[in-house]
Structure formats: C-alpha cells, structure tokens
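A structural walkthrough
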Amino acid sequence: MTDQPDLRASDADRDHVAAVLGEALATGRLTSAEHADRLDVAYTATTVGELVPLTRDLPEVSASNVPAIIEQQVIDSKFSKIVRNGRWVASRNVRLSARFGALIIDLSDAVLPGREIILETNAWFSKMIVRVPENAHVIDEGGSMFGKRNVTGGSGGDGPLIRVRGQSKFSKVIVSRGVSDWNLH
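Residues numbered from 1 in each chain as written. Predicted model: local features only at pLDDT ≥ 70, side-chain atom pairs only at ≥ 80, totals over all residues. Heavy atoms only, no water.

1. Re the environment of M145
For M145, the location among the structural elements is in strand β8 (residues 143–145). With a relative accessible area of 43%, M145 lands in the partly exposed category. Leave out the neighbours within four places in its chain, and M145 touches S168, K169 and F170. (Helix = DSSP H or I, 4+ residues; strand = E, 2+ residues; numbered from the N terminus. Buried < 20%, exposed > 50% of the residue type's maximum accessible area, 1.4 Å probe, protein only. Contact = heavy atoms within 4.5 Å.)

2. A short note on the packing of aromatic side chains
Scanning all chains against the criterion turns up 4 aromatic pairs. Ring centres 5.1 Å apart and planes at 5 degrees place the aromatic pair F79 and F100 in the stacked group. Residue F79 is located in the loop between β1 (72–78) and β2 (81–84), and its partner F100 is located in the loop between β3 (93–99) and β4 (102–106); the two are separated by 21 residues in the primary sequence. Under the relative-accessibility criterion, F100 is labelled partly exposed at 44%. Relative to F170, the ring of F146 has its centre 5.2 Å away and its plane inclined at 10 degrees; by these criteria the two rings are stacked. Here the residue F146 occupies a position in the loop between β8 and β9 (148–151), and F170 occupies one in the loop between β11 (167–169) and β12 (172–176), the gap between them amounting to 24 residues. On the basis of relative accessibility, which here comes to 62%, the residue F146 falls in the exposed class. One aromatic cluster in this structure is built from F79, F100, F125, F146 and F170. (Phe/Tyr/Trp six-rings, centres within 6.5 Å; stacked < 30°, edge-to-face > 60°.)

3. Some points on the pattern of salt bridges
Applying the stated rule across the entire model yields 8 salt bridges. The shortest N-O distance in the salt bridge between E116 and R163 comes to 2.8 Å. One end of the pair, E116, is in strand β5 (residues 116–124); the other, R163, is in strand β10 (residues 161–165), and 47 residues separate them in sequence. Its relative accessible area of 36% is what places E116 among the partly exposed residues. Linking E141 and R163 is a salt bridge whose minimum nitrogen-to-oxygen distance equals 2.6 Å. Here R163 lies in strand β10 and E141 lies in the loop between β7 (137–140) and β8, a separation of 22 residues in the sequence. Its relative accessible area of 36% is what places E141 among the partly exposed residues. (Salt bridge = Lys/Arg side-chain N within 4 Å of Asp/Glu carboxyl O.)

What follows is the structure, encoded as structure tokens:
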C-alpha cells in the first residue's frame, strides 16, 4: 500500500486486498466468516488507512498469485436442479451453465470480490434464475433463442456492476432483485 493512510483508496487497492484475503481463505489462514467480514470492509473502505488493518496479519500476495476462486468459478447443472444461496463467496467471473435442468443462484447475500462481476449465463432446455443484490447495477449483454430472457435490476444503486452475458436456447433466464420478479409461470 502506501505510507499515506488518508489517501483515498482506488478500486485496484481494494482488488489487491481482496486477492490477499482470497489467498488467506484458500490456504486456511482465514475462516469463511472472517474472509466475508474483511471483504465487506475492503469494498466499503474509502481510504488506504482502512485497508491496511485487513491484511496486516497475512502474507503478501503478488498479482500473479491471485487465487483462481477469485477470478473464475463454474456452476453447472445437467439434468438436475442446483440452488446456491445464503453467504457464499462468488468470483469475478461466474459461468452459469444449465442443460435440461434448473439453476437458482442468489447473490443477494454472497460475498462479491470486486466492483464488477461478470455472469456468463448459458442455458439449454432449462430454467435459470439469478437474484442480484438490491443496490446492484445490472447490464444485460446476452441473448435468447426460442425462450424467455428477463433481466431486470436497472441502475438503482451504488453497489456492484453485474454484467449478464451468454445465450439461452429453449430456456427461461431470469435475473432480478426480488423473488417477486421471478414469474415462474
């Protein structure tokens, strides 16, 4: 970091702290609860001085040693139903894949390791539902063929930017803030 604790923290500073925390989680130096708590503080920090105590008791991590769990994650459902909710650690790039099944992902309580999250949604003959945090800014960059794609969430907050990409065929893909938007009919 820097010797100027009053200096405003950048997104790169926060991402670096997230990488150190992710490595600490992966190597067993932090529990998942400690990791989640520290990560929450890291992404709400406004100054470098607020970031320093979060990693003071952890070894330094170089950019090339960023744990894979922070960078990319795959959740795959084939001929089955998978539900991921509650407090869990998501990645910057989450690939959601459903084939002849259902995939329900709730990001509202998840720990998001960055200000921008990319969801790659690929569904074939399936149903995929993603709930985003209340303060998220959602951008739809995907498409659908012979199906329904309903991506809402708008730009109503100062929270993370969530880019929804990918394609669906003969499927229903719903991304929203609330369960009432899921329209499961």
